[in-house]
Amino acid sequence: MENILFWLGPVGSILALLCALSFFLNMKKQDQGTDKMKEIAGYVKAGAISYLKQQYKVVLWFFIFAFIFLVFLSFVLKMQSAWTPFAFLTGGLFSALSGYLGMMTATDASNRTTQAARTSLNSALRIAFRSGSVMGLTVVGLGLLNISVWFIILYYVIMPANISGPFAVNNIYEVAAIMLTFGMGASAQALFARVGGGIFTKAADVGADLSGKIEAGIPEDDPRNPGTIADNVGDNVGDVAGMGADLFESYLGSILASAVLGTAAFAGLTHFQFNSVILPIATAGLGILSSIIGIYFVKTKEEVSQKQLLKALGKGINVSTILIAIGSLILVKLLFHNLSENIPIPFDGLGLWLSIIVGLIAGLIIGKSTEYYTSDEYHPTRNLAKQSITGPATVIIDGMALGMNSTAIPVITIVIGVMASFGFAGGFTNIAFGLYGVGIAAVGMLSTLGITLSTDAYGPIADNAGGNAEMCNLPSEVRQRTDALDALGNTTAATGKGFAIGSAALTALALLAAYIEAVKMGILRITQANDANFFQFAKNMSVPIEEIKTATIDNFMYWYNITLLNPKVLVGLFIGAMMAFVFCALTMKAVGRTASKMVQEIRRQFKEIKGLIEGKTKPDYAACVDISTKAAQKEMFLPSLLAIIVPIIVGLLFGVGGVVGLLSGGLATGFTLAVMMANSGGAWDNAKKYIEKGNLGGKGSPAHAASIIGDTVGDPFKDTSGPSLNILIKLMSMVSVVVAGLIVAYSPIIQHIYGG
């Protein structure tokens, strides 16, 4: 039965990809609109493809050097499995591919959505949402396919073959540990995509707004503005390709961390070890099936409010959630029906199902909280809009306060979720069971990703559709429909960011526990490679190898003195907290520098191209796209490399305790800061759109001008720095897992030099 349930994973992944292909082909059949609409969409698509090609060329060099480094660890130092470098490459490749396919779909869908909006709001919503679903289903399809194929190769092919040497795989624990490492490839690609795409899109957006709406006094997305095409390109490379890569690595990380923690929790019980790996894979497969069904429930009527549009999207998510809740109960019962006969864990395994439910509920609460604080249907954003009456300063002050206040519900939700999932899984009896429960809760939260990511990817499509309508001078009712979809898209995008951040918190916590397991594996590999009977891994203390083989997380926490009284742990905590702020500073400064170049270029064109401001000649759109492209490639490297290098340096200087502190500090600070920035930015954006609907004086009023300033400040908050933070905390965890053997072997030597 367990072997049959495993096939829910690969079958679900293939079905997701087939369904995504069906939605894509159906979208391609839709009317593209006028020649002008096709021309504008063509500019955007060409710019997006050009940017991604440049980005992938740059990132390729990083992957080449990282691959060489991992080969050195695996074949020379023998601190990792020989499969690790190749798993790392597939993680990065599939992450890049998911973002690329989603972006290609989004660029093709924008003008078709605009054309549909000429006749029906429901038709426009259907095209935009189904096109966004291509991204959602592609991410979960490729992610679960990657996991399934590797599991088949390692468990069903390599392990039974009893291969010796560096490619040997001896048990399912090693299978899970090897698979976890390709999360580093996905995380690295995601961070480059998120940071680079975020810098591109917000530099273009801020530059176009400052020079166009504020200085020149022309409408948003006006074809006379040289920065409009770059702005629309940025929506696709940042909010589609970047978000897709982001959630791809969250999805992988939650499943794989749970698998590692499961094999550790059920050590000595081969049957349940296997089942603990199958549960997250099968749950993810079930989530794909539920998401596909939920997608077909998304539809609306004409002339509806944003709240009703949100209700239409929420209906699909709710249907998927209910189906997963029911299906996962059946899975747990089949996989762990006689668990209590072997291990004293509560509820006969039912606690694992409750952990999944906790994750589902936590995801819904965080999503609803984000919606409440960022949608103009609710008081926080409407009150923020009212602050614009007294000028931009009060808008910025209130927006910052709104974001800070909005952290309470997500943080409390995660706190309760962690404690509940830990307790339901039996963590207060055995910590290993509880940590597995936290990992399973993360899988539960992300099990609806097929549809929740669809609602996120839908946003940039709707935004581009509105830009297309404006640039093609379509009737006002078309722009009203696309604006309704765009305002909804801002809220769903903010909700998606909150969801991504929430899932990152649970996934990072599971990865923190998985790091200790990686330390254990590193010690065992080193001792095996050196044919030693014991390994000196702490000052003046050695532990027999047989004791290490059966050691628990509690043992390692004791051996490495991982307590708040250990200065190495405290140092790590401070550095982790600092990383979140330094990372945000670097990315926001990058947006500021690039936006400044964009403003200068737009001013130059307005001044030097005769007849441009009168609409008699076309601007040089390509020049602005080129500025954002070059700047993004240059600026993304330093913050991205910090996330990779800092865990290695901290580990070598302060050992395992320092790394645990680093990851803990980064998680706590990064999660809270990310929620604050995402919600502030989303609220500023929708406050502006609330005024543009005719409230508080409408477009062109002093209140509108003040709200534009707030929206401009919020752009890097919500689309660059904030959403990149959740990748930062996971990438630091993934890097730590991969280099655990290096830290175990060499940190005692370095610490001995400085007397640590």
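The sections below set out a description of the structure shown in this document. (Residues numbered from 1 in each chain as written. Predicted model: local features only at pLDDT ≥ 70, side-chain atom pairs only at ≥ 80, totals over all residues. Heavy atoms only, no water.)

Looking at helix α22 (residues 702-738)
Given a rise of 1.5 Å per residue, 37 residues ought to cover 54 Å, and the 54 Å separating the end C-alpha atoms of α22 matches this to within 8%. Burial within α22 is extensive, with 33 of its 37 residues counted as buried. (Helix = DSSP H or I, 4+ residues; strand = E, 2+ residues; numbered from the N terminus. Expected span 1.5 Å × (residues − 1). Buried < 20%, exposed > 50% of the residue type's maximum accessible area, 1.4 Å probe, protein only.)

Looking at the environment of Ala632
Note on placement: Ala632 falls in helix α20 (residues 621-635). The class for Ala632 is buried, based on a relative accessible area of 0%. Spatially, the C-alpha atoms of Ala632 and Gly212 are 22 Å apart, while their sequence positions differ by 420 residues. Residues in contact with Ala632, not counting those within four places in the same chain, are Tyr51, Gly196, Ile199 and Phe200. (Contact = heavy atoms within 4.5 Å.)

Side note on the side chain of Arg112
Tracing the backbone shows Arg112 in helix α4 (residues 84-117). When residues no more than four places from it in sequence are discounted, the contact partners of Arg112 are Met27, Lys28, Gln30, Asp31, Gln32 and Ile127.

Looking at a nonpolar patch on the surface
On the surface, a cluster of nonpolar side chains totalling about 550 Å² of accessible area is made up of Leu60, Trp61, Ile64, Phe65 and Ile68. Relative to the elements of secondary structure, Ile68 occurs in helix α3 (residues 35-76). (Patch = residues over 30% accessible without salt bridge, like charges linked within 9 Å, V, L, I, M, F, W, Y side chains within 5 Å. Areas by Shrake-Rupley, 256 points an atom, 1.4 Å probe, with all protein chains shown as cover. Salt bridge = Lys/Arg side-chain N within 4 Å of Asp/Glu carboxyl O.)

What about the pattern of salt bridges?
This model, assessed by the stated rule, comprises 24 salt bridges. Note that Asp205 is salt-bridged to Lys202, the shortest N-O span being 2.9 Å. One end of the pair, Asp205, and the other, Lys202, are both in helix α6 (residues 172-216), three residues apart, so they sit about a helical turn from each other. Accessibility assignment for this pair places Asp205 and Lys202 in one class, buried. One network of salt bridges, with partners in common, ties together Lys202, Asp205, Asp685, Lys688, Lys689, Asp711, Asp715, Lys718 and Asp719.

Section: the packing of helix α11 (residues 379-386) against helix α12 (residues 392-405)
Any two packed helices are characterised by the angle at which their axes cross and by the distance between the axes. Two elements in contact, α11 and α12, have axes whose closest approach is 9 Å; the angle formed by their N-to-C orientations is 160 degrees. Compared by their axis directions, α11 and α12 come out roughly antiparallel. Seen along the crossing, α11 lies across α12 with a hand that is right-handed. Counted together, Pro380, Thr381, Asn383 and Leu384 of α11 and Val395, Asp398, Gly399 and Leu402 of α12 form the full contact between these two elements. The residue inventory of the contact of α11 with α12, partitioned by class, reads four nonpolar, three polar and one charged. (Axes fitted to C-alpha atoms, helices over the stretch in contact; angles between N-to-C directions. Parallel < 35°, antiparallel > 145°, perpendicular 65-115°, else oblique. Left-handed = near helix turned anticlockwise from the far one by under 90°. Nonpolar A, V, L, I, M, F, W, Y, C, P; charged D, E, K, R; others polar.)

Looking at the environment of Arg603
Residue position: Arg603 is located in helix α19 (residues 567-608). Sequence separation of Arg603 and Ser503 is 100 residues, and the distance between their C-alpha atoms is 42 Å.

Focus: the packing of α19 against α20
Packing of α19 against α20 leaves a shortest axis separation of 10 Å and a crossing angle of 160 degrees. Here α20 runs roughly antiparallel to α19, going by the angle between their axes. Crossing geometry of α19 relative to α20 is assigned as right-handed. Contacts from Ala590, Arg593, Thr594, Lys597, Met598, Glu601, Ile602 and Gln605 of α19 reach α20 at Ala623, Cys624, Ile627, Ser628, Ala631 and Glu635.

Here we look at the nonpolar core
Judged by nonpolar contacts, the single largest core of 240 residues is most densely connected at Phe151 and Tyr515. Per-element accounting of this core gives the leading share, 23 residues, to helix α21 (residues 637-692). (Core = buried A, V, L, I, M, F, W, Y, C linked by side-chain atoms within 4.5 Å.)

Structural notes on the environment of Gly314
For Gly314, the position within the fold is in helix α9 (residues 306-335). Distance in space between the C-alpha atoms of Gly314 and Thr617 is 44 Å, their sequence separation being 303 residues.

Things to note about the packing of aromatic side chains
Under the counting rule described, the total for this entry stands at 31 aromatic pairs. Taken together, a centroid distance of 5.4 Å and an interplanar angle of 85 degrees make the contact between Phe62 and Phe63 edge-to-face. Take Phe62 and Phe63: they sit in the same class, and that class is buried. Taken together, the aromatic side chains of Phe6, Trp7, Phe151, Tyr155, Tyr156 and Phe274 make up a single cluster linked through ring pairs. Between Lys520 and the ring centre of Tyr173, over which it is positioned, the NZ or CZ distance is 5.9 Å. (Phe/Tyr/Trp six-rings, centres within 6.5 Å; stacked < 30°, edge-to-face > 60°. Lys NZ or Arg CZ within 6 Å of the ring centre and 35° of its normal.)

Observations concerning unusual backbone geometry
Here the phi dihedral of Lys78 falls at roughly 55 degrees; this positive angle occurs in a residue that is not glycine. Here Lys78 shows up in the loop between α3 and α4. Judged by its relative accessible area of 47%, Lys78 falls in the partly exposed class. We note that Asn162 has phi near 55 degrees; this positive angle belongs to a residue other than glycine.

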